[in-house]
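Inside the fold
Next come the chains, spelled out residue by residue.
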Amino acid sequence: FDQESAEEHAMSLPATMGAEEIDPDELEDTEVPRSSRVRRLVIVDKAQQRADRKKSAADPEKRRRKRAVEREKYLKKLEEEGKYDPSKPVKPDAERWIAKKSRSYNKRGRKNKNKFSGAQGAGTVDSKDAEKLDAFARAKAKKEAEERAEEAPAGAKKKQPYRKKRH
């Protein structure tokens, strides 16, 4: 700390009026001035402020009016940008509640809609293939055929399966 340079700089500072009258201890104890917003927060009880906020949020009429004003501003802005024409309102998508991949105009999502989605390696199974694989149905059909054969008259010929002739 250089005493001489400090005094030199002190002489170049402008003179303060009434500086001798101010008590330094009293100055330290005084509150720092605040902005008007902070002052308002200090004055108003915070519990009361919360209650007022809840009351204003609960008023549905006030909310509707505010929403309507904001909507009008937004529509005006869109009109100026050329993105909205009030004479030609756009209808909302009728299928907006359906998943996008299931909508009628989305061909990409419906490509494999009717395919079998089972275990790996299981392809599409026709009804004929399913009948061949159904052991219970085959046993039942065989039993019915045997019963029909017993009911047939004794002189009737059994139908032979078609076989190729060898040459």
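Residues numbered from 1 in each chain as written. Predicted model: local features only at pLDDT ≥ 70, side-chain atom pairs only at ≥ 80, totals over all residues. Heavy atoms only, no water.

Some words on a negative patch on the surface
Note the following rule: Put simply, a patch holds well-exposed residues, over 30% relative accessible area, that have no salt bridge, with like charges counted together within 9 Å and Val, Leu, Ile, Met, Phe, Trp or Tyr side chains within 5 Å. Calculation of accessible area relied on Shrake-Rupley with a 1.4 Å probe; when residues are assessed, cover is drawn exclusively from the protein chains displayed. One side-chain nitrogen of Lys or Arg within 4 Å of one carboxyl oxygen of Asp or Glu is enough to make a salt bridge. Counted as positive: Lys and Arg. Counted as negative: Asp and Glu, with His and the chain ends omitted from the count. Taken as the charge centre is NZ of Lys, CZ of Arg, CG of Asp or CD of Glu, depending on the residue. Strands are runs of DSSP state E lasting at least two residues, helices are runs of H or I lasting at least four, and both sets are numbered from the N terminus onward. A simple rule labels every residue: compare its accessible area, found with a 1.4 Å probe on the protein chains alone, to the largest value its type can have, and call it buried under 20%, exposed over 50%, or partly exposed in between.
Together, D23, D25, E26, E28 and D29 give the surface a local cluster of negative charge. Inspection of the secondary structure puts D23 in the loop between α1 (3-12) and α2 (24-29). A relative accessible area of 38% places D23 in the partly exposed class.

Observations concerning the confidence of the model for the protein chain
This is how it is decided: pLDDT gives the predictor's per-residue confidence on a scale running from 0 to 100.
With 71% of its residues at a pLDDT of 70 or more, the protein chain shows a mean pLDDT of 77. The least confident element of the protein chain, judged by mean pLDDT, is helix α3 (residues 36-43) at 60; the most confident is helix α5 (residues 60-81) at 92.

Here's the deal with α5
The line we're drawing: Under the convention used throughout, the expected extent of a helix is 1.5 Å for every residue step, that is, one less than its residue count.
The terminal C-alpha atoms of α5, which comprises 22 residues, lie 31 Å apart, in line with the 32 Å expected from a rise of 1.5 Å per residue. At the C-terminal side of α5, G82 shows a positive phi close to 80°.

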